[in-house]
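The lines below spell out each chain.
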Amino acid sequence: MDIRLDGKKALVTGASTGIGRAIALKFAESGADVVLHYHRSREKAEESVSAIRKLGRKSLALQADFSKTEDITHVIEQTAAFFDGEVDILVNNAGTLLQRTPFAEASEDYWDRLMAINLKSVFMCSQKILPYMKEGSRIINISSVAARTGGGPGSVLYAAAKGGVSTLTMGMAKEFIQRGIWVNAIAPGVIDTPFHERFTPPDVRQKFLQSIPLGREGTADEIASVAVFLASRYSDYLVGAILDVNGGMWVG
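All values reported here derive from a predicted model rather than from experimental measurement. Along every chain, residues carry numbers that run from 1 in the direction the sequence is written. A pLDDT threshold of at least 70 governs which residues receive local features in this predicted model, and a stricter bar of 80 or more applies before side-chain atom pairs are shown or counted, although totals over entire chains, interfaces and linings include all residues. Side-chain descriptors were evaluated using all non-hydrogen atoms of the structure, hydrogens and water having been removed beforehand.

Asks: Describe the packing of aromatic side chains, naming the residues involved and giving the relevant values.
Replies: Think of it this way: a Phe, Tyr or Trp ring, Trp meaning its six-membered ring, pairs with another when their centres are within 6.5 Å, and the plane angle makes it stacked under 30 degrees, edge-to-face over 60, tilted otherwise. If you walk through the whole model with that rule in mind, you get one aromatic pair. Here the aromatic rings of Phe 82 and Phe 83 are separated by 5.3 Å at their centres, their planes lie at 55°, and the arrangement is tilted. Over the face of the ring belonging to Trp 182 we find Arg 138, whose NZ or CZ atom lies 4.5 Å from the ring centre. In our convention, an over-ring charge means Lys NZ or Arg CZ found within 6 Å of a ring centre and within 35 degrees of that ring's normal. Above the plane of the ring of Trp 182 lies Arg 233, whose end atom (NZ or CZ) is 6.0 Å from the centre.

Asks: Can you lay out the nonpolar core for me, pointing to particular residues and giving the numbers?
Replies: As used here, the term nonpolar core means buried Ala, Val, Leu, Ile, Met, Phe, Trp, Tyr and Cys residues forming a set that is joined through side-chain atoms within 4.5 Å. Think of it in three bands: residues with accessible area under 20% of the maximum for their type are buried, residues over 50% are exposed, and the middle band is partly exposed, with areas taken using a 1.4 Å probe on protein chains only. If you look at the biggest cluster of nonpolar residues, it comprises 34 residues, and the most contacted ones within it are Val 12, Ile 23, Phe 27, Val 34, Val 91, Ile 140 and Ile 186. Only DSSP runs of H or I covering at least 4 residues are called helices, and only runs of E covering at least 2 are called strands; the numbering of each starts at the N terminus. Of all the elements in the fold, those that place two or more residues in this core are β1 (9-12), α1 (18-29), β2 (33-38), α2 (42-54), β4 (89-92), β5 (138-142) and α9 (220-231). A per-element tally of this core places α9 first, with eight residues. Any two residues whose heavy atoms approach within 4.5 Å are treated as being in contact. Beyond its immediate stretch of four places on either side in the chain, Val 34 contacts Ala 10, Val 12, Ala 24, Phe 27, Ala 28, Ile 52, Lys 58, Ser 59, Leu 60 and Phe 83. Grouped together as the second largest cluster of nonpolar side chains are 24 residues, Ala 64, Phe 83, Val 87 and Phe 176 included.

Asks: Could you give an account of the sheet that holds strand β3 (residues 59-63), with specific residues and numbers?
Replies: The strand order β3-β2-β1-β4-β5-β6-β7 describes an open sheet built from seven strands, whose pairing is parallel. With one partner strand each, in any of the chains shown, β3 and β7 (242-245) form the two edges of the open sheet. The sheet shows a mean angle of 15° between the axes of neighbouring strands, direction not considered. In this scheme, strands are said to pair when DSSP sees at least two bridges between them. In this sheet, β7 lies alongside strand β6 (residues 182-188) in parallel orientation, the contact comprising four bridges. When the sheet's bridge partners are listed, Pro 188 is paired in β7 with Val 245. Here the axes come from fitting lines to C-alpha atoms, over the contacting stretch only for helices, and the angles between their N-to-C directions go from 0 to 180 degrees.

Asks: Describe the pairing of β3, naming the residues involved and giving the relevant values.
Replies: Pairing of β2 with β3, which is carried by five bridges, proceeds in the parallel orientation. Considered in β3, the bridge of Tyr 38 is made with Gln 63. The parallel pair β2 and β3 is bridged by α2, and the resulting crossover is right-handed. Looking down the strands as they point away from the viewer, one classifies a crossover as right-handed if the path from the first strand across the helix to the second runs clockwise.

Asks: Lay out the side chain of Ser 235 with the relevant residues and their values.
Replies: Residue position: Ser 235 is located in the loop between α9 and β7. For Ser 235, a relative accessible area of 1% corresponds to the buried category. Within the local environment of Ser 235, its side chain forms a polar contact with the backbone oxygen of Phe 229, the two atoms lying 3.3 Å apart. In this view, Ser 235 contacts Arg 138, Trp 182, Phe 229 and Leu 230; residues no more than four positions away in its chain are not counted. Polar contact is the term for a pair of N or O atoms within 3.5 Å; when the atoms are in protein, one must be able to donate a hydrogen and the other to accept it, and sequence-neighboring residues count only if both atoms are side-chain atoms.

See below:
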């Protein structure tokens, strides 16, 4: 099934590497114009913009720290201007673990920073983009298998933030569908991305692998394919769904 997003205008946050980058590229391959938000990886974001433009699609990279409301506001306003006042698709992918920290050792500042980038940013970005979304638009939040399991070693607060993303998704979905805007989420399992290269030691990663019935980590492209489905009319009867894409690591 060839799912097309021709003429759609999308904003993907946290899109310089990993899942966000794969989603941005897959959207473009499916016919959408894409604005990419990034925090630090400017070179990789610009590489993605170049790749999207080579596909004949419009693209722009915008830098921002999504733990800051004023930065989020700037990205939304710049995206709306780039797309002449309309945005069809928002993917709330921006987020990070920061570091693996045991619950007993976590500081209040660490809690605040994790919640700001992983949960508050989803709320603020979604709220501020609403005036630019028309009927039929889509919001896709990126949660995590950690929201189902409580997280791996040193990631309980990250898991709590992602649990908030899942709950927020369901609440947003019920409210936003009255505006004709669909909201759903993807909860990835262990995906082979720079996230785990940075935050997950090899021994922990091996333990994760042993818990996956499919016997391997997922790929960013596999998550991106699900995002394309959720961004299309093929997902019209999905409202507030959390799609678990984890190779069987968690089955509910």
